[in-house]
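Chain by chain, the residues run as shown.
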Amino acid sequence: MGLINATIRVGMLASQKMDLEYKIMVITQAQMNLSQSVQDLMQVGTDYTDPDSQAAKILKQREARLQQLEKRLTLQMEQYKTRLKAIETELESAKGMRDKCIESTFKY
């Protein structure tokens, strides 16, 4: 019975690990896109010589919002990385339990 439980646990943890790795990849891609957007806004912002113009103010507001979003994405990614590390540790433990069950079951 312990072997079946350990095998199911390993499968579930491996699935969670892949899910978190995918989420981290998506966030990384979103951060790259945001960085490009911020750079594009900065480039457009340099075209306006008057920093007090309405267009320059709007660009600054958008830049601030994008940077805020980038910070939130970074925080979310750090949370995912922390969870991923915990799952990897638990996965190794579950694999060890499974291996011990196999060893004890088939030991003569």
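Just above, that's the structure.
Being a predicted model, the structure only gives us computed values, none of them experimental. (Residues numbered from 1 in each chain as written. Predicted model: local features only at pLDDT ≥ 70, side-chain atom pairs only at ≥ 80, totals over all residues. Heavy atoms only, no water.)

Undergrad: What is the right way to look at the overall build of the protein chain in this model?
TA: Across its full length, the protein chain carries two helices and zero strands. Taken against the 2.2 N^0.38 rule, which gives 13 Å for 108 residues, the C-alpha radius of gyration of the protein chain at 24 Å runs more than 25% over that of a compact globule. Structurally, the protein chain occupies a C-alpha span of about 85 × 15 × 15 Å along its principal axes. Taken over 108 residues, the protein chain has a buried fraction of 20%. Considering only contacts in the protein chain between residues 6 or more positions apart, those separated by 24 or more positions represent 83%. With an accessible surface of roughly 8100 Å², the protein chain has 57% of that area assigned to carbon and sulfur atoms. One way to put it: in the protein chain the 16 positive side-chain charges average out to a point 6 Å from where the 14 negative ones average out. (Helix = DSSP H or I, 4+ residues; strand = E, 2+ residues; numbered from the N terminus. Rg over C-alpha atoms; globule rule 2.2 N^0.38 Å. Buried < 20%, exposed > 50% of the residue type's maximum accessible area, 1.4 Å probe, protein only. Contact = heavy atoms within 4.5 Å. Areas by Shrake-Rupley, 256 points an atom, 1.4 Å probe, with all protein chains shown as cover. Lys, Arg positive; Asp, Glu negative; His and termini not counted. Charge placed at Lys NZ, Arg CZ, Asp CG, Glu CD.)

Undergrad: I'm lost on the pattern of salt bridges in this one. Help?
TA: Any two side chains of opposite charge can pair, given that their charged atoms come close. Summed over all chains, the structure comprises four salt bridges. Among the salt bridges present, the one from Lys23 reaches Asp19, with a minimum N-O distance of 3.5 Å. Of the two residues, Lys23 and Asp19 both sit in helix H1 (residues 2–45), four residues apart, roughly one turn of that helix. (Salt bridge = Lys/Arg side-chain N within 4 Å of Asp/Glu carboxyl O.)

Undergrad: Looking at this structure, how should I read a nonpolar patch on the surface?
TA: A contiguous nonpolar surface patch, about 310 Å² in accessible area, is contributed by Tyr22, Met25 and Val26. Looking at the secondary structure, you find Tyr22 in helix H1. (Patch = residues over 30% accessible without salt bridge, like charges linked within 9 Å, V, L, I, M, F, W, Y side chains within 5 Å.)

Undergrad: Please explain helix H2 (residues 54–105) as it appears in this structure.
TA: Owing to its 3.6 residues per turn, the α-helix aligns residues three or four sequence positions apart on the same side. With 52 residues, H2 should reach 76 Å at 1.5 Å per residue; the first-to-last C-alpha distance of 75 Å fits that figure. If you check which residues of H2 are buried, you get Ala56, Leu59, Glu63, Leu66, Leu73, Met77, Tyr80, Leu84, Ile87, Leu91 and Ala94. (Expected span 1.5 Å × (residues − 1).)

Undergrad: Looking at this structure, I do not really get the environment of Leu3. What am I missing?
TA: Turning to its location among the elements, Leu3 is positioned in helix H1. For the pair Leu3 and Ser104, spaced 101 residues apart in the sequence, the C-alpha separation amounts to 9.8 Å.

Undergrad: In this structure, what is going on with the environment of Ala86? I would like to understand it.
TA: Among the structural elements, Ala86 can be located in helix H2. For the pair Ala86 and Asn5, spaced 81 residues apart in sequence, the C-alpha separation works out to 19 Å.

Undergrad: So what exactly am I meant to see when it comes to the environment of Ser93 here?
TA: Structurally, Ser93 can be placed in helix H2. Classification of Ser93 as partly exposed rests on a relative accessible area of 42%. Ser93 sits 34 residues away from Leu59 along the chain, and the two C-alpha atoms are 51 Å apart.

Undergrad: Which parts of the structure should I look at to understand the nonpolar core?
TA: Burial of nonpolar side chains together is a common tendency in soluble globular proteins. In this structure, Leu13, Leu20, Ile24, Ile27, Leu66 and Tyr80 are the most contacted members of the largest nonpolar core, which totals 17 residues. Mapped onto this core, the elements with two or more residues apiece are H1 and H2. No other element matches the nine residues that H2 contributes to this core. Those residues in contact with Ile27, other than ones at most four positions away along the chain, are Leu73, Gln76, Met77 and Tyr80. (Core = buried A, V, L, I, M, F, W, Y, C linked by side-chain atoms within 4.5 Å.)

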